[in-house]
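# Examination of the molecular architecture
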Amino acid sequence: GIQVEQSPPDLILQEGANSTLRCNFSDSVNNLQWFHQNPWGQLINLFYIPSGTKQNGRLSATTVATERYSLLYISSSQTTDSGVYFCAPIEFSGYALNFGKGTSLLVTP
Amino acid sequence: GAGVSQSPSNKVTEKGKDVELRCDPISGHTALYWYRQRLGQGLEFLIYFQGNSAPDKSGLPSDRFSAERTGESVSTLTIQRTQQEDSAVYLCASSLEAPPLNTIYFGEGSWLTVV
């Protein structure tokens, strides 16, 4: 199956800082989603982004499908951004999201 | 419903007992997925349904795990003779179709603790 690697595994930011999270995957994809899992375990959809660029407030994401990577940008980080960020693609022959190990983000005041 | 609904939200059970976890997908969603997440780990795919058919059950960790779905609505994940290693959050998700060419939505999970 498709391999998903996320980096960095852990990240500590001071409030107000910007960051870029990266997701590399090993196969062509027809679906890719970014999720934020908050400290209470809830998975929150951030982006459905199999290709191209999208923005939602302080967050934006870019997927370059031909080069098999996706980036999540967080600008002006806030303490409520803390949690784990997961990238989850689906390969063309697949039907279910494949999750990476996530990036654990802590934003300090 | 408005979102994916799961019950119970929390379950503590004794080793060796059977448990049933329920998932109500978003109304109109034909595809339904079950995942497991152990503490501090990523999400592990278990099974998916297209309608009430489960084309691939290879993600189920052992024959103690089974799942069924009634039509295009409720699904039940059953774990027989629970073991301590079954302790995890069990997450259900749904999408309009499979393979999903749009967003997959997750419920809040059922936290299972086997003591």
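Report on the accompanying structure. (Residues numbered from 1 in each chain as written. Chains lettered and ligands numbered in written order. Predicted model: local features only at pLDDT ≥ 70, side-chain atom pairs only at ≥ 80, totals over all residues. Heavy atoms only, no water.)

A word on the interface of chain A and chain B. With 19 residues of chain A at the contact, the number on the chain B side is 20 residues. Here chain A and chain B share an interface that buries about 1600 Å² over both sides, 58% of which is from carbon and sulfur atoms. Of all residues in chain A, Leu43, Tyr95 and Phe99 of chain A bury the most surface against chain B, accounting for 35% of the area lost on that side. Viewed at the interface, chain B and chain A are joined by zero salt bridges. Remark: the boundary between chain A and chain B carries four residue pairs in polar contact (both at pLDDT 80 or more). Of all the elements in the fold, those that place two or more residues in the side of chain A that touches chain B are strand E4 (29–37), strand E5 (43–48) and strand E9 (83–91) of chain A. Per element, the largest residue contribution to the side of chain A that touches chain B is five residues, and it comes from E4 of chain A. Partitioning the side of chain A that touches chain B into residue classes produces ten nonpolar, nine polar and no charged. (Contact = heavy atoms within 4.5 Å. Buried area = accessible area lost by both parts, 1.4 Å probe. Salt bridge = Lys/Arg side-chain N within 4 Å of Asp/Glu carboxyl O. Polar contact = N/O pair within 3.5 Å; in protein donor to acceptor, adjacent residues only side chain to side chain. Helix = DSSP H or I, 4+ residues; strand = E, 2+ residues; numbered from the N terminus. Nonpolar A, V, L, I, M, F, W, Y, C, P; charged D, E, K, R; others polar.)

Residue and element names in this part refer to chain A. Spatially, five strands are ordered E1-E3-E8-E7-E6 in an open sheet, and the strand pairing comes out antiparallel. The open sheet terminates on both sides in strands that have one partner only, identified here as strand E1 (4–7) and strand E6 (52–56). Here the strands of the sheet are splayed against their neighbours by 15° on average, with no regard to which way each runs. Inspection of the sheet shows strand E7 (residues 59–64) paired to strand E8 (residues 69–74) by six bridges, in the antiparallel sense. (Pairing = 2+ DSSP bridges. Axes fitted to C-alpha atoms, helices over the stretch in contact; angles between N-to-C directions.)

It is worth spelling out the packing of aromatic side chains at this point. All names here are of chain A. Under the criterion given, the structure shown has ten aromatic pairs over all chains. Centroid distance Phe86 to Phe99: 5.8 Å. Interplanar angle 80°. Geometry classified as edge-to-face. One end of the pair, Phe86, is in strand E9; the other, Phe99, is in the loop between E9 and strand E10 (103–108), with 13 residues separating them in the sequence. Taking relative accessible area as the criterion, Phe86 reaches 1% and is therefore assigned buried. The exposure class assigned to Phe99 is buried, which follows from its relative accessible area of 13%. (Phe/Tyr/Trp six-rings, centres within 6.5 Å; stacked < 30°, edge-to-face > 60°. Buried < 20%, exposed > 50% of the residue type's maximum accessible area, 1.4 Å probe, protein only.)

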